[in-house]
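Commentary on secondary and tertiary structure
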Amino acid sequence: EPEVTQTPSHQVTQMGQEVILRCVPISNHLYFYWYRQILGQKVEFLVSFYNNEISEKSEIFDDQFSVERPDGSNFTLKIRSTKLEDSAMYFCASSERTGNQETQYFGPGTRLLVL
Amino acid sequence: AQTVTQSQPEMSVQEAETVTLSCTYDTSENNYYLFWYKQPPSRQMILVIRQEAYKQQNATENRFSVNFQKAAKSFSLKISDSQLGDTAMYFCAFTQGAQKLVFGQGTRLTINP
């Protein structure tokens, strides 16, 4: 069964460093999302992406964040200068082009720790 | 703005019992979709069940079923014959379509042997 994959599974970085989190959505999906979950809290929406552009972003998704679909398979989230409060689990999700756009399938997450 | 509320931070039941997790939501829209996601200790988000607001029939998936009350804006999850593997955080979520999911705070469910 097709699934969303994410790399790396864990990342430790120093405050102020740039990180890139990578996702490979399910192959026939065209809607892509990033969410984050700070330990012990609920899952929060960061950004949605469709047709090679951002369709919606939350107030969390400030100028330090960017997303890109550099090729036909990868979807990346970049944090330019990490802060301590960026430590969280980051989830990528995708949904189909037609017929089942509402159902988002999640990757296993990347656990980011900023020191 | 849409909000989702899960009023039970934690629940605990014995194996094989039936348990119901509560969820309420707030929206002014008529067409939307509701989901329950399971998050085991591995922290992966696993889709459990979905419900379309335009459908009156409650969704079921094996041991999992929902009680969808549109007028009351309530969407509870019933787990029958609970198993140890059902131990996880359960999140209720809302979306209007190919848009962001709005999650509740989660309910930590423990199934005891």
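Anything mentioned here points back to the structure above.
**Remarks on the pairing of strand β4 (residues 29-37) of chain A**
Residue and element names in this part refer to chain A. For β4, a buried count of 8 out of 9 residues is recorded, marking the element as mostly surrounded by other parts of the structure. Of the pairings in the sheet, the one linking β4 to strand β9 (residues 88-96) comprises 8 bridges and is antiparallel in character. Bridging across to β9, H29 finds its partner in E96. As paired strands, β4 and strand β5 (residues 44-50) are joined by 6 bridges and run antiparallel to one another. The residue bridging Y31 from the neighbouring strand is Y50, located in β5. Where β4 hands over to β5, the hairpin turn is made up of 6 residues, of which G40 adopts a positive phi near 85°.

**Focus on the interface of chain B and chain A**
Taken together, the contact between chain B and chain A spans 20 residues of the former and 23 residues of the latter. Taken together, the two surfaces of chain B and chain A that pack against each other cover about 1800 Å², and 55% of this comes from carbon and sulfur. The tally of links from chain B across to chain A stands at 1 salt bridge. Notably, a salt bridge pairs E56 of chain A with K100 of chain B, separated by 3.4 Å at the nearest N-O pair. If you look at where chain B meets chain A, you find 7 residue pairs in polar contact (both at pLDDT 80 or more). Residue assignment for the side of chain B that touches chain A shows that the elements contributing at least two residues are β5 (33-39), β6 (46-52) and β10 (88-95) of chain B. Per-element tally for the side of chain B that touches chain A: the top contributor is β5 of chain B, with 4 residues. Grouping the constituent residues of the side of chain B that touches chain A by class yields 9 nonpolar, 8 polar and 3 charged.

Procedures and definitions
Residues numbered from 1 in each chain as written. Chains lettered and ligands numbered in written order. Predicted model: local features only at pLDDT ≥ 70, side-chain atom pairs only at ≥ 80, totals over all residues. Heavy atoms only, no water. Buried < 20%, exposed > 50% of the residue type's maximum accessible area, 1.4 Å probe, protein only. Helix = DSSP H or I, 4+ residues; strand = E, 2+ residues; numbered from the N terminus. Pairing = 2+ DSSP bridges. Contact = heavy atoms within 4.5 Å. Buried area = accessible area lost by both parts, 1.4 Å probe. Salt bridge = Lys/Arg side-chain N within 4 Å of Asp/Glu carboxyl O. Polar contact = N/O pair within 3.5 Å; in protein donor to acceptor, adjacent residues only side chain to side chain. Nonpolar A, V, L, I, M, F, W, Y, C, P; charged D, E, K, R; others polar.

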